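# Structural features, examined
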Amino acid sequence: MVSLGLGSLGLIAIISLFMGAVVTIQTVAAIDSPLIPLYTVGFATRQSFILELAPTVMCLILSGKIGSNIASEIGTMRISEQIDALEIMGVNSASYLIFPKIIAALFTIPMIIIYSMFLGILGGWIVGAYSNNLTIDEYLYGIRWNFNMFHITYAMIKTLFFAFIITSIPAYHGYFTRGGSLEIGVSSTKSVVYSSISILIINYILTQLLLI
Amino acid sequence: MITVKNINKSFSGNQILHDISINFLRGKTNMIIGASGSGKSVLTKCIVGLHEIDSGLIEYDGRDFTHMNFKERKGIRAEIGMLFQGSALFDSLTVEENVRFPLEMHTDKSKEEILDRVNFCLQRVNLENVNHLHPSELSGGMKKRVGIARAIALKPKYLFCDEPNSGLDPQTSIVIDNLIQEITQEYDITTIVISHDMNSVMEAGDHISFIYQGRKWWEGDRHEILKTDNPELCDFVYASRIMQKFRKL
Ligand SMILES: Nc1ncnc2c1ncn2[C@@H]1O[C@H](COP(=O)(O)OP(=O)(O)OP(=O)(O)O)[C@@H](O)[C@H]1O
Ligand SMILES: [Mg+2]
């Protein structure tokens, strides 16, 4: 569980807070027409976090952190014959090693993503509190304005797909590692590349299917 | 008895094993010797089914292993103990948990019975007070011995040891050789030991197969091996100076 995300809470917190703050400042800076109300800043931060930054960007970051971890762990077990040892003991090594990781990720990663949404919005709120161009009331009004519960559902559906990708692709590459320690590095790099690309493609397809 | 008939194995076009047939006898320590890279480890992995063979037949006491499905093989594997060349201990588990693992997989003994068995096996390989260490905290030779303890935990009917005494000092090495021999005779099991070491071949080898470039080159017992005039086997047996002196006597 720790290696499957709970160990990433600190990293995700820092990234979310700063990204929330930066998105908020950027939106404030971009609004130069008095016709656009300032509460759109809160709205923009909320929407970008819930729809894209928390689920997709955080999962991309987690795919680097968790994915390389899984690939190298299972890859090491392969080249040091630990997987052979499991097989000899009559254990179905693939399901024994991979299945629990996928299940655990399907539980922990959505929680991390919700946590990231809150912190991102909190980051914007802190900017609102200390900025002269925006008031907290406007920001708070903005983050509640025109709220659509389905967007959370959409984000969670995406996250479940991503959680599956983040664990299964590295597990596959780790499991089929051949050779020595050099190949573990190769598997772990490959798995991060492939899972990132898969996340981006699945993200596009799901968005097309769910939001339009 | 394990019977291997005409097995061939290649990896992506590169043939490693050529038409090997050997009978591994019950109650005997069957040694496989040969130079590095000759295919000894691949041969044992084929026998236990970690590599699928291209052609040939493998039988465990008359039971055709080659054509079994996963479930049927699992039944046979519960009777196999295996020590890997690199020990293959589970990194994330302690010594005790490693030895306990096969017992928990295949028996429904109580916790106390399992612990007794674990301690008994660790004692047999001269390891005490290491139960709670992780493999990374052990020396290479200690890992080998834990590997042996894990292999014998289930009282296997078939015991495979890939270089059980590489990396051990001469004394411990003899202890391990004797242990393997004792277990083999005591429980009347079929033991296959891969070795480079002529000392342990002379110490423990009841039946010896010499593998040369993926082929079974010679077969016999430890008395015959000293009288052999097979040139490749002579090169292997008399590679060390001590053995050369021994030959002159
Ligand atoms: N999984 C594999 N894929 C491809 N080739 C392999 C594989 N395993 C072994 N080989 C090749 O098979 C040959 C025999 O290897 P094997 O490990 O059986 O040697 P060995 O006799 O056990 O040597 P050593 O005494 O050094 O352990 C080697 O040339 C090796 O490169
Ligand atoms: Mg070998």
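Nothing here was measured: the structure is a model prediction, and the numbers come from that model.

### Here we look at the overall build of chain A
- Across its full length, chain A carries seven helices and zero strands.
- Its helices and strands taken in sequence order, chain A reads α-α-α-α-α-α-α from the N to the C terminus.
- Expressed as lengths along the three principal axes of its C-alpha atoms, the size of chain A is roughly 70 × 30 × 25 Å.
- Looking at chain A alone, contacts between residues at least 24 apart form 85% of all its contacts between residues at least 6 apart.
- Counting every atom, chain A has about 10,000 Å² of accessible surface; 73% of that belongs to carbon and sulfur.
- Averaging the coordinates of the 8 positive side-chain charges in chain A and doing the same for the 9 negative ones gives two points 4 Å apart.

### Notes on the side chain of His173(A)
All names here are of chain A.
- Mapped onto the secondary structure, His173 falls in helix α6 (residues 149–175).
- A relative accessible area of 14% means that His173 is categorised as buried.
- Setting aside its immediate chain neighbours within four residues, His173 contacts Ser187, Lys190, Ser191 and Tyr194.

### Observations regarding the interface of chain B and chain A
- Taken residue by residue, the interface counts 20 residues in chain B and 15 residues in chain A.
- When residues of chain B are sorted by the area they lose upon contact with chain A, Arg77(B), Phe90(B) and Phe101(B) head the list and together hold 29% of the total.
- At the surface where chain B touches chain A, the tally comes to three salt bridges.
- Residues Lys45(B) and Asp84(A) are paired through a salt bridge, measuring 3.4 Å at the closest nitrogen-oxygen approach.
- For the side of chain B that touches chain A, the secondary-structure elements that each account for two or more residues are α1 (40–48), α2 (70–77), β6 (80–83) and α3 (95–106) of chain B.
- When residues of the side of chain B that touches chain A are assigned to their parent elements, the largest contribution, four residues, is made by α3(B).
- Its residues assigned to classes, the side of chain B that touches chain A comprises 12 nonpolar, three polar and five charged.

### Observations regarding the pairing of strand β2 (residues 14–24) of chain B
All names here are of chain B.
- Across seven bridges, the pairing between strand β1 (residues 2–11) and β2 is antiparallel. Counterpart to Thr3 in the pairing with β2 is Asn23.
- Between β1 and β2, which pair antiparallel in sequence order, lie two residues; one of them, Ser12, sits at a positive phi of approximately 35 degrees.

### Things to note about the coordination of the magnesium ion (ligand 2)
Residues and elements named next belong to chain B.
- The magnesium ion (ligand 2) binds to the protein through Ser41 (OG) and Gln85 (OE1), with metal-donor distances spanning 1.9 to 2.2 Å. Highlighted residues: Ser41 in helix α1 and Gln85 in the loop between β6 and α3, separated in sequence by 44 residues.
- Residue classification places Gln85 among the partly exposed positions, given a relative accessible area of 34%.

### Overview of the state of the cysteines
- For the structure shown, the criterion picks out zero disulfides over all chains.
- The closest cysteine sulfur to the non-disulfide-bonded Cys46(B) is located on Cys161(B), 18 Å from its own sulfur.

### Details of the nonpolar core
- If you look at the biggest cluster of nonpolar residues, it comprises 72 residues, and the most contacted ones within it are Ile109(A), Ile2(B), Ile7(B), Leu43(B), Ile47(B), Tyr60(B) and Phe160(B).
- A domain-level breakdown of this core finds at least three residues from each of domain 1 (2–79 + 157–248) and domain 2 (87–155) of chain B.
- Look past the residues within four positions of Leu43(B) in its chain and what remains in contact with it is Ile7(B), Leu17(B), Ile20(B), Ile22(B), Ile32(B) and Ile211(B).
- Residues Val99(B), Ile152(B), Phe210(B) and Cys234(B) belong to the second largest nonpolar core, which totals 43 residues.

### Concerning empty space enclosed by the protein
- Counted under the stated rule, the structure contains three cavities of 30 Å³ or more.
- When its volume is computed, the largest cavity comes out at roughly 120 Å³.
- As for the largest cavity, its lining consists of 14 residues, of which Met89(A), Ile80(B), Gly81(B), Met82(B) and Arg150(B) are closest to the centre.
- Mapped onto the lining of the largest cavity, the elements with two or more residues apiece are α3 (82–88) of chain A together with β6, α3 and α5 (140–152) of chain B.

### Looking at the domain arrangement of chain B
Residues and elements named next belong to chain B.
- Along its sequence, chain B is carved into domain 1 (2–79 + 157–248) and domain 2 (87–155).
- Between domain 1 and domain 2, the C-alpha centre-to-centre distance is 24 Å.
- Contact with domain 1, which involves 17 residues of that partner, is made by 12 residues of domain 2.
- Ranking the residues of domain 1 by area buried against domain 2 places Ala78, Leu179 and Tyr187 at the top, with a combined share of 30%.
- One can count two salt bridges joining domain 1 with domain 2.
- Joining domain 1 to domain 2, the criterion identifies three residue pairs in polar contact (both at pLDDT 80 or more).
- Elements with a minimum of two residues in the side of domain 1 that touches domain 2: β7 (158–162) and α6 (170–186).
- The residue inventory of the side of domain 1 that touches domain 2, partitioned by class, reads nine nonpolar, three polar and five charged.

### Description of the layout of surface pockets
- When its volume is computed, the largest pocket comes out at roughly 720 Å³.
- Taken together, 29 residues make up the lining of the largest pocket; nearest its centre are Glu81(A), Asp84(A), Phe11(B), Lys45(B) and His51(B).
- Where the lining of the largest pocket is concerned, the elements lending two or more residues are α2 (39–79) and α3 of chain A together with α1 and α2 of chain B.
- The calculated volume of the second largest pocket comes to roughly 330 Å³.
- Forming the walls of the second largest pocket are 16 residues, and the residues nearest its centre are Met77(A), Tyr96(A), Phe90(B), Ser92(B) and Leu93(B).
- Mapped by element, the contributors of at least two residues to the lining of the second largest pocket are α2, α3 and α4 (93–130) of chain A together with α3 of chain B.
- Here the lining of the second largest pocket takes four residues from α3(B), the largest share from any one element.
- Split into classes, the residues belonging to the lining of the second largest pocket amount to seven nonpolar, three polar and six charged.

Each value, and the rule that gives it
- Residues numbered from 1 in each chain as written.
- Chains lettered and ligands numbered in written order.
- Predicted model: local features only at pLDDT ≥ 70, side-chain atom pairs only at ≥ 80, totals over all residues.
- Heavy atoms only, no water.
- Helix = DSSP H or I, 4+ residues; strand = E, 2+ residues; numbered from the N terminus.
- Contact = heavy atoms within 4.5 Å.
- Areas by Shrake-Rupley, 256 points an atom, 1.4 Å probe, with all protein chains shown as cover.
- Lys, Arg positive; Asp, Glu negative; His and termini not counted.
- Charge placed at Lys NZ, Arg CZ, Asp CG, Glu CD.
- Buried < 20%, exposed > 50% of the residue type's maximum accessible area, 1.4 Å probe, protein only.
- Buried area = accessible area lost by both parts, 1.4 Å probe.
- Salt bridge = Lys/Arg side-chain N within 4 Å of Asp/Glu carboxyl O.
- Nonpolar A, V, L, I, M, F, W, Y, C, P; charged D, E, K, R; others polar.
- Pairing = 2+ DSSP bridges.
- Donors = N, O, S within 2.8 Å, 3.2 Å for Na, K, Ca; no water.
- Disulfide = S-S within 2.5 Å.
- Core = buried A, V, L, I, M, F, W, Y, C linked by side-chain atoms within 4.5 Å.
- Domains from an automatic or database assignment.
- 1 Å grid on protein atoms, 1.4 Å probe; cavity = no way out; pocket = protein on both sides within 12 Å on 5 of 7 lines; lining within 4 Å.
- Points joined across faces, edges and corners; volume = space filled by probe spheres on them.
- Polar contact = N/O pair within 3.5 Å; in protein donor to acceptor, adjacent residues only side chain to side chain.

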